[in-house]
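# Chain and residue survey
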Amino acid sequence: MAKYIFKRIIMAIVTLFIITFLLFMLVRIMPGNPFPSERMSAEAIEKKRAEMGLDKPILVQFGDYIANIVSTGSFGKGSSLYNGAPIATVLPKAMGNSFKIGGIAICFGVFIGLVLGIAAALNRGKFWDVFCTVLSIIGVCIPSYVFMIFLQYFFAYKLPVFPFYFNNRQFFVSSIMPALSLSLFSMSTVARFTRNEMVEVMDSDYVLLAESKGMYGTKLVTRHILRNALIPIVTVIAPLIVDLLTGALVVEKIYGINGIGKLMVDAITGEGIDYNYVLALGILYSTLYIGIMLLLDIVYCLLDPRIRVTEKKGKRRREAEKKEAPAAA
Amino acid sequence: MKKFKKMLVALLSVMMIASLFGAVSVSADQGGDIYVMFATNVMSLDTNLATDGDSFEIIADCIDGLTQMDADGAAVPALAESWDVSEDGCTYTFHLRDAKWSNGEPVTAADFEFAWKLAMTANLEYNYLFDTSVGAIKNADAILYEGADPATLGITALDEKTLQVELEVPVSFFPSLMYFPAFYPINQAFYESCGDGEYGTSPYTFLCNGAFLLDDYVPGAASMTVVKNPDYWDADRVSLNSITYQVVGSSDQALTGFKSNNLDIATVSGDQVAAVKDDAALSENLKVTGAGYMWYLTFSQTENSSSDGSLANANLRLAISNAIDRESLVDNYVMDGSIATYTAVPPQFAASATTGEDFSGDQTKFADYIGFNVDKAKEFYEAAKAELGKDSFTFTMIYGNNEGDEVTKVAQAIKEQVEGALPGITIDLQAMTKAERLEKMQNDDYCVALTRWGPDYADPMTYLGMWTTGNANNYGFWSNPEYDAIIKDCTAGAYVSDYDARWAALYQAEELVLKEAVIAPLYTKANANLITAGLEGVEFHPVALNRVYKNATFSK
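Residues numbered from 1 in each chain as written. Chains lettered and ligands numbered in written order. Predicted model: local features only at pLDDT ≥ 70, side-chain atom pairs only at ≥ 80, totals over all residues.

### As for the overall build of chain B
Spelled out, the test is: We count a stretch as a helix when DSSP gives it H or I for four or more residues in a row; a strand needs E for two or more, and each element gets its number in order from the N terminus. Radius of gyration here is computed from C-alpha atoms only, and the compact-globule reference equals 2.2 Å multiplied by the residue count raised to the power 0.38. Residue burial is a threshold on neighbouring C-beta atoms within 10 Å of the residue's own C-beta, all placed from the backbone, with 20 or more meaning buried, 12 or fewer meaning exposed, and counts in between meaning partly exposed.
When you go through chain B residue by residue, the secondary structure sums to 17 helices and 23 strands. At 26 Å, chain B has a C-alpha radius of gyration in line with the 24 Å of a compact globule built from 556 residues. For chain B, the spread of C-alpha atoms along the principal axes amounts to about 85 × 75 × 40 Å. The 556 residues of chain B split such that 53% are buried.

### Looking at the overall build of chain A
As a reminder of what qualifies: A pair of residues counts as a contact when their C-beta atoms, built from backbone coordinates, are separated by no more than 7 Å.
When you go through chain A residue by residue, the secondary structure sums to 12 helices and zero strands. Taken from the N to the C terminus, the helices and strands of chain A come in the order α-α-α-α-α-α-α-α-α-α-α-α. Expected size for 329 residues packed as a compact globule is a radius of gyration near 20 Å; at 25 Å, chain A overshoots this value by more than 25%. If one aligns the C-alpha atoms of chain A with their principal axes, the spans along those axes are about 85 × 80 × 30 Å. When burial is assessed residue by residue, chain A has 37% of its 329 residues classed as buried. Taking as baseline every contact in chain A between residues at least 6 positions apart, the subset at least 24 positions apart corresponds to 72%.

### Focus: unusual backbone geometry
Residue and element names in this part refer to chain B. If you check the backbone angles, methionine 335 has positive phi at about 60° while not being a glycine. Considering the arrangement of structural elements, one finds methionine 335 in the loop between helix H11 (326-334) and strand E15 (339-340). With a phi close to 65°, alanine 544 is a non-glycine residue in the positive phi region. Here alanine 544 shows up in the loop between strand E21 (539-540) and strand E22 (547-548). Assessed through the 27 C-beta atoms surrounding it within 10 Å, alanine 544 is described here as buried.

### Overview of the pairing of strand E19 (residues 519-531) of chain B
All names here are of chain B. For clarity, the threshold we go by: Two strands pair if DSSP finds at least two bridges between them.
Counting buried positions over the 13 residues of E19 gives 13, a clear majority of the element. Of the strand pairs in this sheet, strand E11 (residues 265-268) and E19 are connected by four bridges, and their pairing is antiparallel. Within the sheet, the bridge partner assigned to threonine 267 lies in E19 and is asparagine 529. The pairing of strand E12 (residues 286-299) with E19 spans 10 bridges and is antiparallel. Along E19, the bridge assignment pairs leucine 297 with alanine 520. Relative to E19, E15 runs antiparallel, the two being bridged by two bridges. Within the sheet, the bridge partner assigned to alanine 340 lies in E19 and is tyrosine 523.

### Regarding the environment of threonine 51 of chain B
All names here are of chain B. Structurally, the position occupied by threonine 51 is in the loop between strand E1 (33-38) and helix H2 (53-62). For threonine 51, a count of 20 C-beta atoms within 10 Å gives the class buried. Taking the C-alpha atoms as reference, threonine 51 lies 33 Å from glutamate 482; in sequence the two are 431 residues apart. Beyond its immediate stretch of four places on either side in the chain, threonine 51 contacts Met43 and Glu125.

### A short note on the interface of chain B and chain A
Defined as follows: Residues are grouped as follows: Ala, Val, Leu, Ile, Met, Phe, Trp, Tyr, Cys and Pro are nonpolar; Asp, Glu, Lys and Arg are charged; all remaining types, including Gly, are polar.
Residue-level contacts link 49 residues of chain B with 54 residues of chain A. Among the elements of the structure, helix H1 (2-25), strand E10 (242-247), helix H7 (251-259) and helix H14 (434-442) of chain B are those that each provide at least two residues to the side of chain B that touches chain A. Counting residues per element, the side of chain B that touches chain A draws most heavily on H1 of chain B, at 11 residues. Looking at side-chain class alone, the side of chain B that touches chain A contains 22 nonpolar, 19 polar and eight charged residues.

### Side note on the pairing of strand E6 (residues 155-159) of chain B
Residues and elements named next belong to chain B. Pairing of E6 with strand E7 (residues 162-166) involves four bridges; the strand directions are antiparallel. Bridging across to E7, aspartate 159 finds its partner in threonine 162. Hairpin geometry of E6 and E7 is characterised by an intervening segment of two residues between the two adjacent antiparallel strands.

### Brief notes about the sheet that holds strand E4 (residues 80-85) of chain B
Residues and elements named next belong to chain B. The condition that has to hold: With axes taken as lines fitted to C-alpha atoms, and helix axes fitted only over the stretch in contact, angles between N-to-C directions fall between 0 and 180 degrees.
Reading across the sheet, the four strands line up as E4-E5-E7-E6 and stay open at both edges, with antiparallel pairing between neighbours. Across the chains shown, the open sheet's two edge strands, defined by having one partner strand only, are E4 and E6. Averaged over all adjacent pairs, the angle separating strand axes in this sheet is 25°, with direction ignored. Two strands pair when backbone bridges link them, and strand E5 (residues 91-96) and E7 are joined in this way by five bridges, in the antiparallel orientation. From the neighbouring strand, threonine 93 faces E7, where its bridge partner is glutamine 164. Against the sheet, helix H3 (residues 109-120) contacts E5, E6 and E7, and its axis sits at roughly 165° relative to E6.

### Let's talk about H7 of chain B
Of all nine residues making up H7 of chain B, seven are buried, and the element is well covered by its neighbours. Along H7 of chain B, the residues classified as buried are Ser251, Gln253, Ala254, Leu255, Thr256, Gly257 and Phe258 of chain B. Turning to H7 of chain B, the residues buried within the fold contact helix H6 (144-158) of chain A together with E1, E11, helix H8 (270-278) and E19 of chain B. Just past H7 of chain B, the residue asparagine 261 of chain B takes up positive phi, approximately 65°.

### Notes on the packing of helix H10 (residues 314-323) of chain B against helix H12 (residues 374-388) of chain B
Residues and elements named next belong to chain B. To keep things clear, this is the line we draw: Angles below 35 degrees are treated as roughly parallel, those above 145 as roughly antiparallel, those between 65 and 115 as roughly perpendicular, and all remaining angles as oblique. Whether a crossing is left-handed or right-handed is set by the direction in which the near helix is turned from the far one by less than a right angle, anticlockwise for left-handed and clockwise for right-handed.
Orientation of H10 relative to H12, taken along the N-to-C sense of each, is 160°, at an axis distance of 8 Å. With respect to H12, the element H10 is oriented roughly antiparallel. Seen from above, H10 lies across H12 with left-handed handedness. Facing Asn315, Leu316, Leu318, Ala319, Asn322 and Ala323 of H10, the residues of H12 in contact are Val374, Lys376, Ala377, Phe380, Tyr381, Ala383, Ala384 and Glu387.

### Some details on the confidence of the model for chain B
In regions of low pLDDT, the predicted coordinates are not meant to be interpreted in detail. Just so we agree on the cut-off: pLDDT expresses how confident the predictor is about each individual residue, on a scale running from 0 to 100.
Taken over all residues, the pLDDT of chain B has a mean of 91, while the share at 70 or more is 94%. When the criterion is pLDDT under 50, residues 16-30 of chain B qualifies, and its contacts beyond four places in sequence or with other chains add up to 26 contacts.

### Let's talk about the packing of helix H16 (residues 481-492) of chain B against helix H17 (residues 499-515) of chain B
Residues and elements named next belong to chain B. The interhelical angle for the contact between H16 and H17, taken along N-to-C directions, is 155°, at an axis separation of 10 Å. In this view, H16 runs roughly antiparallel relative to H17, as classed from their interaxial angle. For the pair H16 and H17, the sense of crossing is left-handed. On H17, the residues touching Glu482, Tyr483, Ile486, Ile487, Asp489 and Cys490 of H16 are Arg502, Ala505, Leu506, Gln508, Ala509 and Leu512. When the residues that make up the contact of H16 with H17 are grouped by side-chain class, the tally is eight nonpolar, one polar and three charged.

### Points about the environment of glycine 104 of chain B
Residue and element names in this part refer to chain B. Structurally, glycine 104 is set in the loop between E5 and H3. In this structure glycine 104 comes out as exposed when scored by C-beta crowding, with 7 C-beta atoms within 10 Å. Along the primary structure glycine 104 and aspartate 231 are separated by 127 residues, whereas in three dimensions their C-alpha atoms are 9.0 Å apart.

### Focus on the environment of phenylalanine 172 of chain A
All names here are of chain A. Along the chain, phenylalanine 172 falls in helix H7 (residues 171-202). According to the C-beta neighbour criterion, phenylalanine 172 is partly exposed, with 13 such atoms within 10 Å. Spatially, the C-alpha atom of phenylalanine 172 lies 9.1 Å from that of lysine 100, the residues being 72 residues apart in sequence.

Have a look at this one:
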C-alpha cells in the first residue's frame, strides 16, 4: 500500500518534470517576442535578452531555470507582462481570486447538482425528472462563457441584480455570476450522476427490504439511498475540479476577473509573449492537475479495496506466469 | 423531502439577499465618483517602465511632472512653478513649488535627478526620448550608446527647489516633453524601500503627488480606483471624488456597460457608432476624440524571404498608394470618426508655436503624390512595370488580428481596392498577432504591412524621425541622404535655434517621404467615446496623456 502510494508520487514528480521540459521548449518556439518594443534599439533588446539569459544555449537555459526554482523557490520575474513585475507578487493574488471563485463554483455545482439529481430520482418519470434531465443535457452542452454572457445580459443588464463587471470590493456578489457559469458543467454532471445512481439504489433489494420494514421518507432517502449513491459521485467531482480550471480561462477573461486564467491568456496574447509567466502558470496548472489526479488515485486506493486486491491478484498472476514461463520454454 | 425543500428555500434566500447587496452597490452615478473604461490592462505604474496609454493615464492622475497638459495640449506649469531658459536655449532652470508626496515627504529637485538617472541605468522603451533625436539631454547619447556613467547625465538638483537641465542642442518643444511620464520624479528613499521590481505594484509601493491618490490596484487588476488627493498643490481645482477604471475587453460589453450606468466613459467600436447615432438618447453622449495614432502601409524595399524586392520601385509604391480610397476606408470600415490621412505626419497633434497652425491641417498639400486617383495610379503602375520589366506582382500583406475590430476589414478593403484598380497585382492577406507582426517587420521578413504609430511628443519629428537611414522604425529600409541631412539639421544642426526655418525644413522632409511613397498613410484613428450626461471637462489628447481629469466636474 505505502509502496503503491510512493510509486504514484514518484511518477507524478517525473511527469511534472517532463511537462516542464516540454513547456519550456514549446514556449521558446512560439512566435512572438518576450521583449516587444518599437522604440528600443536592437542592441538594447539584445542586452535585455542577455540579462534574462536568452542568449545561452537552450538546454543551459533550462538548467538555469530549474536551478533557480530549486534554489530560490520562486519563478523569477516576468519579461513583458506587467513590465517584468516579479511573479511572486502577481501570482498569489491571482490564485486567490481563481480559487475563491472556483470554490464557490464547486459548491454551487455540487449542491445544486445534488438537489436536482435527487429531485429527479424521487420523481422518476414525472415532470421533475424530465425537467432535470433536459436541464442537465443543456448544461453539459453550453460552454460556460456562453452561459456567462446570458447571465450577464439578464441579471446584470436587463434586471440589474448583480454587478455588471467583476470587482474586488464586492467580491462575493460579483463572483456569483462567473461562479454559476463555471459550475454549469459540474452541476449538470453531478445531477445526472446522482439521478442515475439513486435510481439504481432505489431499485435494489436492500431498499425494498428497508421499505418493507416500514422505513420511509427522509430517513430512507438520507440513510440508505443517498449514502450509497454518493460514493460514486464523490469520484466524479475531482475531475470536475480540473474542468473548472480550463473553463476559468475564458470566463475570467470575459468577466475581467484578475485570476490565473486571465493571467495565462494575457501572458500569451499580450503585446509580447511572457516566457516566465507562461511557464510558471503552465507548471502551476500541471501541478494542480497531477496533484488532483494523484490524490484521487490514493483516495480510490484507500476507499476501494478492490483496487488493492487487483494489484495483489496481478502480482500473483505475474508470479504464476513467471513460474510457468520456464516450463513452457 | 421536507429537509430538501428547506435547503432549497435557504439557497434561494441566500441568493436573494446577495442580489440585494448587488442592487444597492451597482449604481455608478453618485456625484463626483466616475467609472471609466480601459480597453487593455494597465501594464505598469512605474514611470520608467510604463509603455502604454492606459498606464500613462493612471500614472498622470497620481503624479505630476514639471509641466502638465492644458486642454489644448500645451505645456503649463505643474511641479515647476516657473522656469528660465539660458540665452543659447541649452540650459533650463526649473523652480519647483511646494508639493508633497503621499507619504508626507516634500517633492524635491533630487527626485527628478534620481528618476532620470535611474532610467539611464536600464534598457527602457522610452530611453530614446532623452537622446539627441528628441530631448537631447546632455550626455544621454554617451550614456545610452557608448556606456558612459549615468551620473554624468545633464540634470542637477542645484538645491531642494531648483533643478537644472542641460541640453546638447536647443529643443523647441522641451517644456511639452516634460509632461511625458518618463520624465516624472521618483522619491529615491521610497523607491529603494520597495523590493526588487515591487515599485508601483500596489498602493503601498507607490507614491503620489498628483491630483489623485492610488486607492486600489494590483498588477492585472480588472478594476482600479484613484481617489482625490486632499494634499495636492492644486487641490482646489479638482472636483471629482474618485475615478474607478474598469478593464472591458469587448466593445459589446462596453456599450452594455454604459447603457446600464456601469460606465461613465466608454469607447465604442466603429460598428456600434451607427447604432449609437440612431438612438436619440445615446447619440447625445457621443463624443469623437483624436486617438493620435496613424495607420499606414509600410513596404519592404529589400529582397527577403517574403518579398522579391520589387517594392523598392517608387512608382510601384506610388501606384498602390494612389489606388487606395481612404475616405471609403474611414466611412465604410473604420466608421468611428477616424480621419482619412494624406500626409506623413497626421493632423491634430503638432501645431506651430509661432503661428499656431496645425502641421498637417492642410491635407491636400501633397496631392501630387497621394490621393485616390485610379488614373494616376495606373500611370505610376505602367511606369513601374516598364522599369521592372514585369507585369504581374504578388504581395503578402501582414496585419494584426488583435489590434481592433476594424483592422481586418481595412486590410480586406485595401486588397480589393488595389487589386481592382491595378490588374496584375495580387495581395495575399496574412493575419497574425501584433507581436508577430512586429517581429516580422523588425526582422525584415515581410512584404507589405499594415501598421500604426502614435505620437510620443507634440512635434512632427515623432513621425519624421522614423524614416532616417538605420532608424529602428524604418521597416522599409528606405535610405535617402538628402532626407537624412534635413532631419539632422532639424535635430542637431542649423535649424535647432530657428523655429520657423525648422518647421519649413520638416515640411520638405515630409514631401520627400510622400514623393517616394516610403509609406502609404491611411487614416488617423479617432475614438468614439460615450460620456455620461453631467460629466464635463475631461480633456482628451491624441498625444502623451489620453485623458486628463484634473479639471473635470460631474453633476448628476
